[in-house]
Each structure stands twice: as structure tokens, then as C-alpha cells.
Amino acid sequence: MAKAVAVVSALCFLALASLAHAQEAFTVKGRVYCDPCRVEFQTSLSKSIEGAEVELQCRVRENGTVTVSQKATTDANGNYELTVQGDHEEEICDVASVSSPSQECNVPFGENKARILLTQNNGVQGTDRFANPLGYKTTEANPDCKAILQEMGYIPDENGL
């Protein structure tokens, strides 16, 4: 009898634990910035974009059915946060840029989305998930970019170094 009670108690505990795990919420955090050098990575001249819109979508791997779709807008520092309910281990989730309110910086990057894993079954502790930065380019490169990129080692200086 004691064994039966222990087994039933263990099964109830596991059922509750899996239910709580399935209802867990993840917080997706990221940033949207302006790239005045048109190199599609951040430099010291990059600036945050306030009011940019991003969208998170999760899709079923096998057939592409969208299971989650949420939008967010960046704050004054170019940061956004999205809260997503549940575990999405068997889905592909991406955060993509949707629009930039900046007239000077509204040319989207070629591949302007970031893959995000929304599961506890991947070795990452906690529920915060950090997406790679998303960005927009200006239509023309800032003249100061050449010096910045030389300093970073991306363009040889006048000595060929």
C-alpha cells in the first residue's frame, strides 16, 4: 500500500511539473540599430533606433504553420522585449525587423532576422533569451566610416596595414 501511494504521488508530481514547464514564459530581448557605415555590423558610429517594429514568429518545422506571432516596438535605447508563453522546442522561432521610423536609416539588412531558441531543453538556464541585434542602413555611408573601419582593421590604411 505504501509503495502504491509513493508511485501515485510521484506520478502526480511529474504531471504537475510537466504542466508547469509547458506553461513557462520566456522573455525575448533584443536591439535594433542604425548602421551609418553600411557594413551590417555595429561600429562606434552605430545608433539605436527608437520606435522600430520587430516581429517574433514560431513555426512548426515540418509544415511551416505559424504557432506564435507577436510584435514589439523598440524603446528610446533601441531595445525591445517580448514575452512568449510555453516551450517551443519543436518549432523554429525567429525575430525579424518589420519597419524603421527613421527617414535617414530605413534600408533593411539583407538577412534581418535572428533565430531564438525557446525551450528549457537546450542547456540554457533561466527564461531570458537574447536575440542578435537587428539593423537598418543609411542610403549613403557616413564619411567618418573609413577611419573607423581602418581602425578596426577592415580597410588597409595608407601604409597598407
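Worth saying up front: this structure is predicted, and the values here are computed from it rather than measured.

When you line up the elements, N112 lands in the loop between β7 (105-108) and β8 (113-116). Of the residues examined, N112 reaches a relative accessible area of 10% and is grouped as buried. A polar contact of 2.4 Å, which involves the side chain of N112, links it to the side chain of S97. Only 2.7 Å separates the side chain of N112 from the backbone oxygen of G135, close enough to count as a polar contact. Once residues lying within four places of it in the same chain are set aside, the contact partners of N112 are V95, A96, S97, L134, G135 and Y136.

What follows is about unusual backbone geometry. Of note in the backbone geometry, R38 takes a positive phi value of approximately 60° without being a glycine. With respect to the helices and strands, R38 occurs in the loop between β1 (25-35) and β2 (47-48).

Side chains of nonpolar character tend, in soluble globular proteins, to be buried together. Ranked by size, the top nonpolar core spans 23 residues in total, and within it V28, V32, L56, Y80, V95, I116 and L118 carry the most contacts. Looking at this core, the elements that each hand over two or more residues are β1, β3 (53-60), β4 (66-73), β5 (79-85), β6 (91-99), β8 and β10 (134-138). Here this core gets four residues from one element, more than from any other, and that element is β1. Residues contacting V32, with those up to four places away along its chain left out, are S48, I49, A52, V54, T74, G78, Y80, L134 and Y136.

Thresholds, definitions, all that
- Residues numbered from 1 in each chain as written.
- Predicted model: local features only at pLDDT ≥ 70, side-chain atom pairs only at ≥ 80, totals over all residues.
- Heavy atoms only, no water.
- Helix = DSSP H or I, 4+ residues; strand = E, 2+ residues; numbered from the N terminus.
- Buried < 20%, exposed > 50% of the residue type's maximum accessible area, 1.4 Å probe, protein only.
- Polar contact = N/O pair within 3.5 Å; in protein donor to acceptor, adjacent residues only side chain to side chain.
- Contact = heavy atoms within 4.5 Å.
- Core = buried A, V, L, I, M, F, W, Y, C linked by side-chain atoms within 4.5 Å.

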